[in-house]
Amino acid sequence: MDYKSFSVKELENLLADEQKRFKKLVKEGRNVDMTRGRPSKEQLEIAMPMLKGAGSYNYSAEAADARNYGDLGGTKACKALFAELFGVKSEEVFVGDGSSLDLMYTLVHFAKQFGVLGSTPWNNLKKVKFICPAPGYDRHFSICQQFGIEMVTVRMKDDGPDMDVVEALVREDDSIKGIWCVPQYSNPDGYVYSDETIRRFASMKTAAPDFKIFWDEAYIVHHLTDEIIETPVLLNESKQYGTEDRVFMFTSTSKITFPGAGVSAIACSVDSMKYIC
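Residues numbered from 1 in each chain as written. Predicted model: local features only at pLDDT ≥ 70, side-chain atom pairs only at ≥ 80, totals over all residues. Heavy atoms only, no water.

Undergrad: Sorry if this is basic, but what is going on with the pairing of strand β3 (residues 150-157) here?
TA: On a regular strand, one side chain projects to one face of the sheet and the next to the other, so that they alternate. Judged from the 6 bridges that link them, strand β2 (residues 129-134) and β3 form a sheet pairing that is parallel. Within β3, the residue paired with P133 across the bridge is V154. Crossover handedness for the path β2 to helix α6 (residues 138-147) to β3: right-handed. Hairpin connection, β3 to strand β4 (residues 160-161): the antiparallel pair is bridged by 2 residues. (Pairing = 2+ DSSP bridges. Helix = DSSP H or I, 4+ residues; strand = E, 2+ residues; numbered from the N terminus. Right-handed = clockwise from strand over helix to strand, strands pointing away.)

Undergrad: It is not clear to me how the environment of D162 should be interpreted in this structure. Could you clarify?
TA: Counting through the fold element by element, D162 comes out in the loop between β4 and α7 (163-172). Once the C-alpha coordinates of D162 and L125 are considered, the two residues, 37 residues apart in sequence, prove to be 27 Å apart. With residues up to four places along the chain from it excluded, the contact list for D162 reads V154, R155 and K157. (Contact = heavy atoms within 4.5 Å.)

Undergrad: How should I be thinking about helix α1 (residues 8-27) in this particular structure?
TA: Along an α-helix, residues three or four apart share an orientation, since each turn contains 3.6 residues. With 20 residues, α1 ought to run about 28 Å at 1.5 Å a step, and its terminal C-alpha atoms sit 29 Å apart, in line with that. Taken from the residues just after α1, G29 is the one with a positive phi, measuring 65°. (Expected span 1.5 Å × (residues − 1).)

Undergrad: Looking at this model, I keep getting lost on the state of the cysteines. Mind explaining?
TA: A covalent bond bridging the sulfur atoms of two cysteines is what the word disulfide describes. Counted under the stated rule, the structure contains 0 disulfides. With no disulfide of its own, C132 lies closest to C144 among cysteine sulfurs, the gap being 4.6 Å. Here C181 stays unpaired: no disulfide links it, and the sulfur of C132, its closest cysteine neighbor, is 10.0 Å away. Residue classification places C181 among the buried positions, given a relative accessible area of 0%. (Disulfide = S-S within 2.5 Å. Buried < 20%, exposed > 50% of the residue type's maximum accessible area, 1.4 Å probe, protein only.)

Undergrad: Would you mind showing me how to read the layout of surface pockets here?
TA: Over the atoms rolls a probe the size of a water molecule, and in doing so it shows where empty space is left. Its boundaries defined by the atoms lining it, the second largest pocket holds a volume of some 540 Å³. Contributing to the lining of the second largest pocket are 24 residues, with R36, Y137, R139, S254 and K255 lying nearest its centre. Considering every element that reaches the lining of the second largest pocket, the biggest residue donor is helix α5 (residues 100-114), with 3 residues. Classifying every residue of the lining of the second largest pocket gives 8 nonpolar, 11 polar and 5 charged. (1 Å grid on protein atoms, 1.4 Å probe; cavity = no way out; pocket = protein on both sides within 12 Å on 5 of 7 lines; lining within 4 Å. Points joined across faces, edges and corners; volume = space filled by probe spheres on them. Nonpolar A, V, L, I, M, F, W, Y, C, P; charged D, E, K, R; others polar.)

Undergrad: Please explain the sheet that holds β3 as it appears in this structure.
TA: Pairing between sheet strands relies on hydrogen bonds along the backbone, with the strands arranged either parallel or antiparallel. The strand order across the open sheet formed by 8 strands is β1-β8-β7-β6-β5-β2-β3-β4, and the pairing between neighbours is mixed. What marks the edges here is a single partner per strand, and that holds for β1 (93-95) and β4. Across 4 bridges, strand β7 (residues 247-252) lies against strand β8 (residues 264-267) in antiparallel orientation. Paired with T251 across the bridge in β8 is A265. Strands β2, β3, β5 (176-181) and β6 (212-216) of the sheet are contacted by α6, whose axis makes an angle of about 155° with β5. (Axes fitted to C-alpha atoms, helices over the stretch in contact; angles between N-to-C directions.)

Undergrad: Could you clarify how one ought to interpret the nonpolar core in this entry?
TA: Generally speaking, soluble globular proteins have nonpolar side chains that are buried together. One finds F86, F201, W215, L234 and M249 to be the most contacted residues of the largest nonpolar core, which totals 33 residues. Tallying contributions element by element places helix α4 (residues 76-86) first for this core, with 4 residues. The residues touching L234, leaving out its near neighbours within four places in the chain, are I198, F201, A202, I213, W215, V247 and M249. (Core = buried A, V, L, I, M, F, W, Y, C linked by side-chain atoms within 4.5 Å.)

Undergrad: I keep staring at the pairing of β5 and nothing clicks. Help me out?
TA: Within β5, 6 of the 6 residues are buried, which leaves the element mostly enclosed by the surrounding structure. In this structure, β2 lies alongside β5, joined through 3 bridges in parallel fashion. Residue pairing for β5: K129 is matched across the bridge by I176. Sheet topology note: the β5/β6 ladder contains 4 bridges and is parallel. In the strand pairing of β6, I179 is matched with I213. Since β5 and β6 lie parallel, the crossover through helix α8 (residues 195-203) that links them has a hand, and here it is right-handed.

Undergrad: Sorry, what's going on with the packing of α5 against α6 here?
TA: Each pair of packed helices gets described by two things: the angle between the helix axes and the distance between those axes. The interhelical angle for the contact between α5 and α6, taken along N-to-C directions, is 30°, at an axis separation of 11 Å. In this view, α5 runs roughly parallel relative to α6, as classed from their interaxial angle. For the pair α5 and α6, the sense of crossing is right-handed. Across the interface between the two elements, L101, M104, Y105, V108, H109 and K112 from α5 touch R139, H140, I143, Q146 and F147 from α6. (Parallel < 35°, antiparallel > 145°, perpendicular 65-115°, else oblique. Left-handed = near helix turned anticlockwise from the far one by under 90°.)

Spelled out as structure tokens, the structure:
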């Protein structure tokens, strides 16, 4: 429906009808779990044999015993695993704990409190904005809401955000400090960013020197069909333009093994790695 074309009276009638439907549903006492990305019990069972292999792992094969407090960036074995998933180098990977969303929140917090790689802390600026391609992931947007960051909506197309609009916005407005992206199977439409869109992200000019791309590779190994879709690695593409410091790529094993006991990771430039550590 094109709600903008409706009169106030028509909108009020629609609202009244929807409220009646909602009250009827409430009376039915339905209990529906609307959580996204929650694997079924059958999927969780697939990962069970992995636990049997833990006893043969050489915990002390690294410089630091993997069972003890480890290096800030993660164990070498885990960094290597995620480097393979991302398609980057091990030294460009930071390993966290269970939640990639928590890593995203932490990095926004760092930028607000301390700045990024020597930039002015965002808390000291009059206004901070993020581009939010829509429709998109509400939990990304709630991070902006939590920190008082103004959200700028850009329309999603079937090959990614409308890059003509994105490029114009970031080129002209230095208060725009970041953008949220789910480049593969973006919720809720399942769009995959085109190679051209990814190259434009890597090469675009930004008014803000501390502009960041929050690149959520939540579904990097979860293909919707038998067709395996491979796209350019943003961090690698950005090196061709000297913009690798703007890239934060995220993923986790939450939907690969056990969501409650997963491992998350960031792929970023070596300088960004030092900053995070």
